[in-house]
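Structural overview
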Amino acid sequence: MGSWNDRGWCWQFHVDADSLLEDPVATEEAFSLIELLTNISPTLNAQDTLSWWPNQDGQFSVKSFYNLMHDRDSEDVLDTQSKLAFKRIWKTSIPSRLKVFGWRVVLNRIPTKDQLAKRGVIRDGQQQLCTFCQDKVEDLEQLMFNCSISQRVWSSICGWLDIKGMGDSVGVNHLRNFTQALTGKIKKKKLYLIWLTTVWSLWMARNNFLFRDEPWVFDDLVMNIKELAWSWHTIGNRGSCCTSLYNWLYSPLDFLKSD
């Protein structure tokens, strides 16, 4: 990790690129840690202590982490729409790790190939092409929303939910249009759940192909999104769900209107 020399402490970072690229949250955390530590030097002959600096007492709490995430990201994205998206994502019934991933999608902070190229992780231009279509450079918009494969996935999910008029929106605008497309007594929290499940499933399909040489099958990918959304909702409600998986698959609007 580092060592002392005549000029003081010198950090020595060894990043396993192949391992990190599979996990977008771990990748972002690794690069953020490197940036944070660059200007910090340890103290000789002092005992190490653990302290959570956002709290005055040094103790970690979920509330302080939420406030830290909100305040830090608000410095970059100040518009009301993104702040609302953050709050809705945080309240969605999915694992916390995926909430963080969804928020990073909104902020364009996942390690797509264009981001990795900027950081020198990959250099070959051919390696920067979209994993799905191999047509254009893989950035967030291309991978998640503009690629012909991802567009087919979104079209299928929207057709399943009877959502129309999504247009060419991307990022937080896509999330807003998706969650506001249906009117009436629709539980928007559940639409956030489906949107987050879709972007996560696209990311996992991409990684499974890149790192495990597992080709995606379109019908299986779409079915996995539907089943995973139902499963996460059930887990988030402590093992109970207002509808069966069969009704969820074939009558999703009933699920979206229920409590």
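Note that this is a predicted model, so its numbers are computed, not measured. (Residues numbered from 1 in each chain as written. Predicted model: local features only at pLDDT ≥ 70, side-chain atom pairs only at ≥ 80, totals over all residues. Heavy atoms only, no water.)

Side note on the overall build of the protein chain
Our working rule: Labels follow the DSSP assignment, with helices taken as runs of H or I lasting at least four residues and strands as runs of E lasting at least two, numbered in each case from the N terminus. Accessible area is worked out with a 1.4 Å probe on protein chains only. A residue is then buried under 20% of its type maximum, exposed over 50%, and partly exposed in between. By definition in these notes, contact holds between two residues if any of their heavy atoms fall within 4.5 Å. All accessible areas in this document rest on Shrake-Rupley with a 1.4 Å probe, and a residue is counted as covered only by the protein chains that are shown.
The number of helices and strands found in the protein chain is 13 helices and two strands. Residues classed as buried in the protein chain amount to 42% of the 259 residues present. Put simply, of all contacts in the protein chain between residues at least 6 apart along the chain, 57% involve residues at least 24 apart. For the protein chain, the exposed area adds up to about 14,900 Å²; of that, 49% sits on carbon and sulfur atoms.

Examining the pattern of salt bridges
Selection criterion: Each salt bridge in this description consists of a side-chain nitrogen of Lys or Arg and a carboxyl oxygen of Asp or Glu lying within 4 Å of one another.
Inspection of every chain in the model, using the stated rule, returns two salt bridges. Between Arg206 and Glu138 there is a salt bridge; the shortest N-O distance is 2.8 Å. One end of the pair, Arg206, is in helix α10 (residues 188-212); the other, Glu138, is in the loop between α6 (113-118) and α7 (140-146), and 68 residues separate them in sequence. Pair check on accessibility: Arg206 and Glu138 agree, each one buried. The partner of Lys164 in a salt bridge is Asp162, with the nearest N and O atoms 2.5 Å apart. By relative accessible area, Lys164 is classed as exposed at 63%. Since its relative accessible area comes to 43%, Asp162 is described here as partly exposed.

Observations regarding helix α8 (residues 148-161)
For clarity, the cut-off: The span one expects for a helix is its residue count, reduced by one, times 1.5 Å.
Look at α8: 20 Å from first C-alpha to last across 14 residues, which is about the 20 Å you get at 1.5 Å a residue. The set of residues buried in α8 consists of Ile149, Ser150, Val153, Trp154, Ile157, Cys158, Trp160 and Leu161. Following α8 by one or two positions, Asp162 has its phi on the positive side, about 60 degrees.

Considerations on the packing of α10 against helix α11 (residues 218-236)
To keep it simple, the criterion reads: The axes used here are C-alpha line fits, helices contributing only the stretch in contact, and every angle between their N-to-C directions lies in the interval 0 to 180 degrees. Under this scheme an angle from 65 to 115 degrees is roughly perpendicular, one under 35 degrees roughly parallel, and one over 145 degrees roughly antiparallel; angles in between are oblique. By the definition used in this description, the sense in which the near helix is turned from the far one sets the handedness, with an anticlockwise turn below a right angle giving left-handed and a clockwise turn giving right-handed. The residue classification treats Ala, Val, Leu, Ile, Met, Phe, Trp, Tyr, Cys and Pro as nonpolar and Asp, Glu, Lys and Arg as charged. All others, Gly included, are polar.
The N-to-C vectors of α10 and α11 enclose an angle of 130 degrees; their axes lie 9 Å apart at closest approach. As far as their axial angle goes, α11 and α10 are oblique. The crossing of α10 and α11 is right-handed. Within the contact between the two elements, α10 uses Lys190, Leu193, Ile194, Thr197, Thr198, Trp200, Ser201, Leu202 and Ala205 and α11 uses Leu221, Asn224, Ile225, Leu228, Ala229, Trp232 and His233. Grouping the constituent residues of the contact of α10 with α11 by class yields ten nonpolar, five polar and one charged.

Description of the packing of aromatic side chains
Condition: Note on aromatic pairs: the rings of Phe, Tyr and Trp (six-membered ring only in Trp) are paired at centre separations within 6.5 Å, and the planes decide the class, stacked below 30 degrees, edge-to-face beyond 60, tilted for the rest.
All chains considered together, the criterion is met by twelve aromatic pairs. A ring pair is formed by Phe145 and Trp195, whose centres lie 6.4 Å apart and whose planes are at 25 degrees; its orientation type is stacked. Of the two residues, Phe145 is situated in helix α7 and Trp195 in helix α10; the sequence distance between them amounts to 50 residues. On the basis of relative accessible area, Phe145 is assigned to the buried category, the value being 5%. Aromatic pair Trp154 and Phe178: ring centres 5.7 Å apart, planes at 70 degrees, arrangement edge-to-face. Note that Trp154 is positioned in helix α8 and Phe178 in helix α9 (residues 171-180), a separation of 24 residues in sequence. Relative accessible area serves as the criterion here: at 4%, Trp154 is assigned to the buried category. Overall, Phe178 belongs to the buried group, its relative accessible area being 0%.

Some details on the nonpolar core
Note on soluble globular proteins: their nonpolar side chains tend to be buried together. Applied cut-off: Here, nonpolar core means buried Ala, Val, Leu, Ile, Met, Phe, Trp, Tyr and Cys residues that are tied together by side-chain atoms lying within 4.5 Å of each other.
Core analysis: the largest hydrophobic core is formed by 55 residues, its most contacted members being Met144, Ile157, Leu161, Phe178, Ile194 and Trp195. A total of eleven residues in this core trace back to one element, the largest contributor, which is α10. Excluding its chain neighbours within four sequence positions, the residues that come into contact with Trp195 are Val105, Val106, Phe145, Trp154, Gly171, His174, Leu175 and Phe178.

So, α11
Here α11 contains 19 residues, and its C-alpha end-to-end distance of 27 Å stays within 8% of the 27 Å for a straight helix at 1.5 Å per residue. What α11 keeps buried is the set Phe218, Leu221, Val222, Ile225, Lys226, Ala229, Trp232, His233 and Thr234.

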